[in-house]
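Remarks on the overall topology
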Amino acid sequence: MESSYSYEVSSITIPSLTLESGITMKNVNLAYERTGNKEGPVILVCHALTGTHIVTGTREDRGWWDGLIGPGSYIDTDSFNVIAFNVLGGCEGSTGPTSLNAESGERYGSDFPHITIRDMVQAQFEALKRLSVDHIEAVIGGSLGGMQALEWGVLYPSYIKKVFALAVSPALNDYGIAFNHIGITAIEGDPDFHDGHYPHGASLKGLEIARMVGMVTYRTQELFDQRFKREKTNEQFNIQSYLDYQGKKLGKRFDPNSYLTLLKAMNTHDIGRERGGVEKVAESYQCELISIGYEGDLIYSPQYLKDFTNQIQLGEHYFIPTSFGHDGFLVEFEKWGGIISSHLNNHKVQKVVTGIK
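These notes cover the structure that comes with them.

Basis of the calculations
- Throughout this document, residue positions are counted from 1 along each chain, in the order its sequence is written.
- The predicted origin of the model limits local features to residues at a pLDDT of at least 70 and limits the giving and counting of side-chain atom pairs to 80 or more, whereas totals for whole chains, interfaces and linings rest on all residues.
- As a rule here, side-chain values come from all non-hydrogen atoms in the structure, and water together with hydrogens is ignored.
- Secondary structure follows DSSP: runs of H or I at least 4 residues long count as helices, runs of E at least 2 residues long count as strands, and numbering of each begins at the N terminus.
- The classification of residues rests on relative accessible area computed with a 1.4 Å probe and restricted to protein chains. Under 20% of the type maximum is buried, over 50% is exposed, and intermediate values are partly exposed.
- Any two residues having at least one pair of non-hydrogen atoms within 4.5 Å are treated as being in contact.
- We count Lys and Arg on the positive side and Asp and Glu on the negative side, and we leave His and both chain ends out.
- Where a charge sits is defined by one atom per residue type, namely NZ (Lys), CZ (Arg), CG (Asp) or CD (Glu).
- Residues belong to a common nonpolar core when they are buried Ala, Val, Leu, Ile, Met, Phe, Trp, Tyr or Cys residues joined through side-chain atoms within 4.5 Å.
- Whenever a carboxyl oxygen of Asp or Glu lies within 4 Å of a side-chain nitrogen of Lys or Arg, that contact is scored as a salt bridge.
- We place a 1 Å grid over just the protein atoms. Points where a 1.4 Å probe fits but has no way out form a cavity, open points with protein on both sides within 12 Å along at least 5 of 7 lines form a pocket, and any residue with an atom within 4 Å of a point lines it.
- Grid points are joined across faces, edges and corners, and a volume is the space filled by probe spheres set on the points.
- Amino acid classes used here: Ala, Val, Leu, Ile, Met, Phe, Trp, Tyr, Cys and Pro are nonpolar; Asp, Glu, Lys and Arg are charged; the rest, including Gly, are polar.
- Expected helix span is given by 1.5 Å per residue-to-residue step, counting one fewer step than there are residues.
- For two strands to be treated as a pair, DSSP must find no fewer than two bridges joining them.
- When the strands point away from the viewer, a crossover counts as right-handed if the route from the first strand across the helix to the second turns clockwise.
- To obtain an axis, a line is fitted to C-alpha atoms, over the contacting stretch when the element is a helix, and the angle between two such axes runs from 0 to 180 degrees between their N-to-C directions.
- Note on angle classes: values under 35 degrees are labelled roughly parallel, values over 145 roughly antiparallel, values of 65 to 115 roughly perpendicular, and the remainder oblique.
- In this scheme the crossing of two helices becomes right-handed for a clockwise turn of the near helix relative to the far one and left-handed for an anticlockwise turn of less than a right angle.

**A closer look at the overall build of the protein**
What the protein contains, in helices and strands, is 10 helices and 12 strands. Referenced to the eigenvectors of the C-alpha coordinate spread, the extents of the protein come out at roughly 55 × 55 × 50 Å. Taken across its 357 residues, the protein has 57% of its residues classed as buried. Here the analysis covers contacts within the protein between residues at least 6 apart in sequence; of these, 73% occur between residues at least 24 apart. A gap of 3 Å separates the mean positions of the 31 positive and 43 negative side-chain charges of the protein.

**Details of the nonpolar core**
Formed by 77 residues in total, the largest nonpolar core has its most connected members in Phe85 and Trp152. By residue number, the principal contributor to this core is helix 1 (residues 117-130), which donates seven residues. Each residue touching Phe85, except ones within four places of it in the same chain, is listed here: Ile12, Leu30, Ala31, Tyr32, Leu44, Val45, His47, His53, Gln124, Ala127, Leu128 and Leu131. Residues Ile43, Val55, Ile75 and Ala138 belong to the second largest nonpolar core, which totals 27 residues.

**A short note on unusual backbone geometry**
Of note, the phi angle at Arg230 is positive, near 55°, even though the residue is not glycine. Secondary-structure assignment places Arg230 in the loop between helix 5 (221-228) and strand 9 (232-233). At Asn234, a residue that is not glycine, the phi angle is positive and equals roughly 55°.

**Considering the pattern of salt bridges**
A complete count under the given rule lists 15 salt bridges for this structure. With a shortest N-O distance of 3.0 Å, Glu151 and Arg118 are connected by a salt bridge. A residue pair is termed long-range when its members are at least 10 positions apart, and Glu151 in helix 2 (residues 144-155) and Arg118 in helix 1 qualify at 33 residues. The residue Glu208 makes a salt bridge to Lys248 at a minimum N-O spacing of 4.0 Å. Highlighted residues: Glu208 in helix 4 (residues 205-218) and Lys248 in helix 6 (residues 238-253), separated in sequence by 40 residues. When salt bridges with common partners are traced through the structure, they connect Glu20, Arg118, Glu151, Arg273 and Arg275 into a single cluster.

**Some points on the layout of surface pockets**
Estimates place the volume of the largest pocket at around 1000 Å³. For the lining of the largest pocket, the elements supplying multiple residues, two or more each, are helix 3 (174-188), helix 4, helix 6 and helix 7 (256-267). Considering every element that reaches the lining of the largest pocket, the biggest residue donor is helix 4, with seven residues. Tallied by class, the residues present in the lining of the largest pocket amount to 20 nonpolar, 12 polar and eight charged.

**Brief notes about the side chain of Asn101**
For Asn101, the location among the structural elements is in the loop between strand 6 (81-85) and helix 1. For Asn101, the residues in contact, after removing those within four places along its chain, are Glu106 and Tyr108.

**Observations concerning helix 7**
Counting along an α-helix, one turn takes 3.6 residues, and residues three or four places apart therefore face a common direction. The terminal C-alpha atoms of helix 7, which comprises 12 residues, lie 17 Å apart, in line with the 16 Å expected from a rise of 1.5 Å per residue. Most of helix 7 is tucked away: 10 of the 12 residues are buried. Burial in helix 7 covers these residues: Pro256, Asn257, Ser258, Tyr259, Leu260, Thr261, Leu262, Leu263, Ala265 and Met266. Against helix 1, helix 2, helix 3, helix 4 and helix 6 lie the buried residues of helix 7.

**Some details on the pairing of strand 11 (residues 288-294)**
Of all the seven residues making up strand 11, six are buried; the element is thus mostly covered by neighbouring parts of the structure. As defined by bridge partners, strand 11 adjoins strand 12 (residues 315-320) across six bridges and the pair is classed as parallel. Its bridge partner being in strand 12, Ser291 is matched across the sheet by His317. Taken together, strand 11, helix 9 (residues 302-310) and strand 12 constitute a β-α-β crossover, and its handedness is right-handed.

**Regarding the packing of helix 3 against helix 4**
Two numbers describe how helix 3 lies on helix 4: the axes approach to 7 Å, and their chain directions differ by 165°. As summarised for this structure, helix 3 and helix 4 are arranged roughly antiparallel, according to the angle between their axes. Seen along the crossing, helix 3 lies across helix 4 with a hand that is right-handed. Where helix 3 abuts helix 4, its residues Phe179, Ile182, Gly183, Ala186 and Ile187 lie against Gly206, Leu207, Ile209, Ala210, Val213 and Thr217. By residue class, the composition of the contact of helix 3 with helix 4 is eight nonpolar, three polar and no charged.

Limitation: the analysis is restricted to geometry and does not speak to function.
Put into structure tokens, the structure is as follows:
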């Protein structure tokens, strides 16, 4: 008897995609990973800023949410079919600044069109239709992935049943835009950037600095103090070495133009934009929304997320105590994975914490 479990990494092409800006792109490619029960309900996973579509991965090369998703795990691939796309504008196989522009025959580079979170979601919707997926049981994502998840609930409410939005808010606040501006300025101000016309595969110091800035917002002061304790190695503070390492690590694998594209897309995130505001959207939000906020999240206020969720008829909010801050959605699955599992299986979940600190 043929097994219903499968694992696939491939790509799908969308012949034509019209962006919010009015620009129409031809032959848009989205890379994807699809794993789990081929006959099971579909779960769509949306990744964060520097994430990829490799969510579960293989035994030799684990995916970034391997601890949450897999056989017998919180999102059980014995029961569910899990699909994840590399976002439009990314640099891991989907159409983005590193891709060839069919019209010019050259890489898009800095000429890649401006995109929004809604463009990303529309591209995924078109891709899913071409994969013959006619309904999604749930969409889940954190940070940039959470932005996409929330938009799914507004753009295609009849297509999905449940939205899991983690470490996100209904709109990116000015504090978040401010940190993105520092990252954008660091990249664009790098003398080697050359207005985005740097050699393909170049590693830019500006991108490394942008990554360092991001890393500071992802974790809490408490966690940094516990880990680094003002200790030095060779006259340099260990926290400095850590940030240098993280900057260089990302610089080797991520395209600077793609990073800029995604930061600027994040700045567009506001589910109330041109819809009468966030509160009006909350009043008409049709999907079941399960939101999770993490203690110490510097950019995405758990209180803002809670207030929004409480306005939604089918909304349920959870607050997770953690020293990891924003990065809480990438770790400590034992604290919150059960929330995901229980809601996917229509079980009632006891609140982890009743209030917001």
